[in-house]
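# What the coordinates show
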Protein chains: 2
Amino acid sequence: MLSIDPTIRTWMNDAPGYLPPIAIGDVVRSSGAGVVVESQSPRYEVGDVVTGFTNWQEWVLADADHRFTVIPKGLGLDLATVMNVLGATGVTAYFGLLDVGGLVPGDVVLVSGAAGATGSVVGQVARARGAKQVVGIAGGPAKCTEVVEDYGFDACLDYREPHLARRLHEACPEGIDLFFDNVGGEVLDAGLSNIALHGRIVLCGAISQYNAMERPPGIANTAMLIGRRGRMQGFIILDYASRFPEAQRELAAMVANGTLKHHEHLVHGLEQAPDALNLLFTGGNHGKTLVVVDETVQLD
Amino acid sequence: MLSIDPTIRTWMNDAPGYLPPIAIGDVVRSSGAGVVVESQSPRYEVGDVVTGFTNWQEWVLADADHRFTVIPKGLGLDLATVMNVLGATGVTAYFGLLDVGGLVPGDVVLVSGAAGATGSVVGQVARARGAKQVVGIAGGPAKCTEVVEDYGFDACLDYREPHLARRLHEACPEGIDLFFDNVGGEVLDAGLSNIALHGRIVLCGAISQYNAMERPPGIANTAMLIGRRGRMQGFIILDYASRFPEAQRELAAMVANGTLKHHEHLVHGLEQAPDALNLLFTGGNHGKTLVVVDETVQLD
């Protein structure tokens, strides 16, 4: 099963990034999960379900330079849920909000891409950790309704409607203490223009920019960070690998007690992976997008 | 003596800021220094030289809501030097670099507005605190020469020449660990595009934007903060008021031992204050711009 993440698109640019670009003709890099069919290592037993960089392929060879993590048995969750909430998606939400963003109880929290796999977890963890108000931004009325009714945000603004910055001011008249941004561009700018004193902006992604064919208009409101003594900070979840269990424990507990709603969008067949990736940019997905390569791989 | 600072220009916008806008017809808000001519308070003695918000006027009344700080006697420095290096200008450089930017020995440091009052101090303190390389950005060859020869920067780039981002990459091929930005706009963008892993950008000012009559092009490279795990943070020096003595001790010692070069640009006559402010935006000043209102005010 492949995890279809917006960051895959960034690896396809012929430009320096946090990982080397995927070269023409290379297998597409991707997180995923699979079952061990043969092992000469004490690290893996045949039948283990493991996660790591499987890439877009049916078989992968693990070695000392390319390691996988065995998913513990008996979690009581299906593989798609584990790939979503306990995978990179969920822990990205967790560490971005708590560690990079430094959420404190009473914060007014804004989340862009709020109907997405990461954004929906951000809002629910923020609520559980005592945020005063949780506001989402999403594309279209159906997603905005889902953000409020399914994921429990206080409000959700449709970025496709005009005057986003003004509507944000109306929704959060005291300003935004913590903005978890997955989108970049105009959405980031609208959040910047409404940042509260000592506000923090967590840059998780910039999905609005990844397919840009022309130079986008650029961010006009960075100087808001001066007067408001604000901080804008980016992160890459790979840096938190050693701390994943801490996030996974809390997220699993929230799933178990029903306070963390989640949705997976399953696409069937390896050959569908490119179309599945494109769904992230058209907004045609509903929740965490996963490609099922082999239907028989399941957790115990 | 009035301290002519770029931030005065921001107070003239009819827009929310970190202090209320100066209204039409109001006295222009400004830091300054003056001598006490009459006192009914144990806080001030006649003859004390004090600093604070004097505003653009010849006389000012101190009261409980409008306090001044007495400049200690026997500093062995003239008033212009104290207004520059020990005033808001110097302490802005100090806390922005060390506290907001978190300078560590070995950092590659970039400073925009490097020939300016704040930027020149930033570079010299960075050098004294163990920066590996100190690079400036300034306007025109004369200022760039001054930054290197007088203020001891390793190099200085002229932002008026093309391809600033590429020249920055050539000057700092490993990237910039700490960028102290006074300028904003294209200069900020060029620095962002060259930020090193875990780089920090200190937003002190955005002088390139303060007089903009049209919407500037905007910042294109904020997403660099994601891949490079960077942080961009603004600050206002008023928040550090209680810690000024800590900075002033170190800066005074550097002046005394000759490791902190400084230059003051004196403009004579209160009626020259508007022209003096404009010098900051044309680059016509040379060092810290001060307006001498009364030539007789001197430190003991």
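Notes on the structure follow. (Residues numbered from 1 in each chain as written. Chains lettered and ligands numbered in written order. Predicted model: local features only at pLDDT ≥ 70, side-chain atom pairs only at ≥ 80, totals over all residues. Heavy atoms only, no water.)

### As for the packing of helix H2 (residues 79-86) of chain A against helix H3 (residues 88-100) of chain A
Two numbers describe a pair of packed helices, the interaxial angle and the distance between the axes. All names here are of chain A. Where H2 meets H3, the axes come as close as 3 Å, and the angle between the chain directions of the two elements is 25 degrees. Judged on the interaxial angle alone, H3 and H2 are roughly parallel. Between H2 and H3, the contacting residues are Met-83, Asn-84, Val-85 and Leu-86 on the first element and Ala-88, Thr-89, Gly-90 and Val-91 on the second. Looking at the contact of H2 with H3, its residues break down into five nonpolar, three polar and no charged. (Axes fitted to C-alpha atoms, helices over the stretch in contact; angles between N-to-C directions. Helix = DSSP H or I, 4+ residues; strand = E, 2+ residues; numbered from the N terminus. Parallel < 35°, antiparallel > 145°, perpendicular 65-115°, else oblique. Contact = heavy atoms within 4.5 Å. Nonpolar A, V, L, I, M, F, W, Y, C, P; charged D, E, K, R; others polar.)

### Points about the interface of chain A and chain B
Each partner contributes to the interface: chain A provides 29 residues, whereas chain B provides 29 residues. Buried surface at the junction of chain A and chain B, both sides included, amounts to about 2,200 Å², of which 58% is carbon and sulfur. Among the residues of chain A in contact with chain B, Ile226(A), Arg229(A) and Met232(A) are the three that bury the most area, contributing 27% of the side total. Linking chain A with chain B are two salt bridges. Mapped onto the side of chain A that touches chain B, the elements with two or more residues apiece are helix H7 (185-192), strand S9 (195-203), helix H8 (224-227) and strand S10 (231-234) of chain A. If you tally residues by element for the side of chain A that touches chain B, the top one is S10(A), at four residues. Each residue belonging to the side of chain A that touches chain B can be placed in one class, and the counts come to 15 nonpolar, eight polar and six charged. (Buried area = accessible area lost by both parts, 1.4 Å probe. Salt bridge = Lys/Arg side-chain N within 4 Å of Asp/Glu carboxyl O.)

### Describing helix H6 (residues 164-171) of chain A
Residue and element names in this part refer to chain A. Among the residues of H6, those classed as buried are Leu-164, Arg-167 and Leu-168. In an axial view of H6, the angular spread of the buried residues amounts to 105 degrees, which keeps them on one side of the axis. Opposite the buried face of H6, by more than 90 degrees, sit the exposed residues Arg-166 and Glu-170. Buried-residue contacts for H6 involve strand S5 (108-112), strand S6 (133-138), strand S7 (155-158), strand S8 (176-181) and H7. (Buried < 20%, exposed > 50% of the residue type's maximum accessible area, 1.4 Å probe, protein only. Arc of directions from axis to C-beta.)

### Regarding the state of the cysteines
Going through the model one piece at a time under the given rule, you end up with zero disulfides over all chains. The thiol of Cys144(B) is not disulfide-bonded; the next cysteine sulfur, from Cys156(B), is found 3.5 Å away. (Disulfide = S-S within 2.5 Å.)

### Considering the pairing of S9(A)
Residue and element names in this part refer to chain A. Of all nine residues making up S9, seven are buried, and the element is well covered by its neighbours. With five bridges joining them, S8 and S9 adopt parallel strand pairing. Across the sheet, the residue bridging to Asp-181 is Leu-203, located in S9. Taking the sense of rotation as the criterion, the β-α-β connection linking S8, H7 and S9 turns out right-handed. Two strands pair when backbone bridges link them, and S9 and S10 are joined in this way by four bridges, in the parallel orientation. Counterpart to Ile-201 in the pairing with S10 is Met-232. (Pairing = 2+ DSSP bridges. Right-handed = clockwise from strand over helix to strand, strands pointing away.)

### What to know about empty space enclosed by the protein
Residue and element names in this part refer to chain A. Using the criterion set out here, one finds one cavity of 30 Å³ or more in the structure. Taken as a whole, the largest cavity encloses approximately 50 Å³ of empty space. Along the walls of the largest cavity sit Gly-47, Asp-48, Val-49, Ile-71, Lys-73, Leu-299 and Asp-300, which together make up its complete lining. (1 Å grid on protein atoms, 1.4 Å probe; cavity = no way out; pocket = protein on both sides within 12 Å on 5 of 7 lines; lining within 4 Å. Points joined across faces, edges and corners; volume = space filled by probe spheres on them.)

### Looking at the environment of Gln298(B)
All names here are of chain B. Tracing the chain through its elements places Gln-298 in the segment after strand S12 (288-292). A relative accessible area of 48% means that Gln-298 is categorised as partly exposed. Here Glu-295 takes part through its backbone oxygen, which lies 3.3 Å from a polar atom of the side chain of Gln-298. (Polar contact = N/O pair within 3.5 Å; in protein donor to acceptor, adjacent residues only side chain to side chain.)

### A look at the relation of the copies chain A and chain B
Superposition of chain A onto chain B requires a rotation of 180 degrees combined with a translation of 0.0 Å along the rotation axis, giving an RMSD of 0.0 Å. In symmetry terms, the pair is related by a two-fold rotation axis. (Least-squares fit on C-alpha atoms with pLDDT ≥ 70 in both.)

### Some points on the packing of aromatic side chains
Residue and element names in this part refer to chain B. Counted under the stated rule, the structure contains 13 aromatic pairs over all chains. Aromatic side chains Tyr-94 and Phe-95 sit 5.2 Å apart centroid to centroid with 80 degrees between the ring planes, which places their arrangement in the edge-to-face category. With respect to class, Tyr-94 is no different from Phe-95; both count as buried. Its guanidinium or amino end placed over the ring of Trp-11, Arg-29 lies 5.0 Å from that ring's centre, counting from NZ or CZ. (Phe/Tyr/Trp six-rings, centres within 6.5 Å; stacked < 30°, edge-to-face > 60°. Lys NZ or Arg CZ within 6 Å of the ring centre and 35° of its normal.)

### Notes on the environment of Cys204(B)
Residues and elements named next belong to chain B. Relative to the elements of secondary structure, Cys-204 occurs in the loop between strand S9 (195-203) and helix H8 (224-227). Looking at Cys-204, the relative accessible area reads 18%, which means it is buried. For the pair formed by Cys-204 and Gly-119, sequence separation is 85 residues and the distance between their alpha carbons is 9.8 Å.

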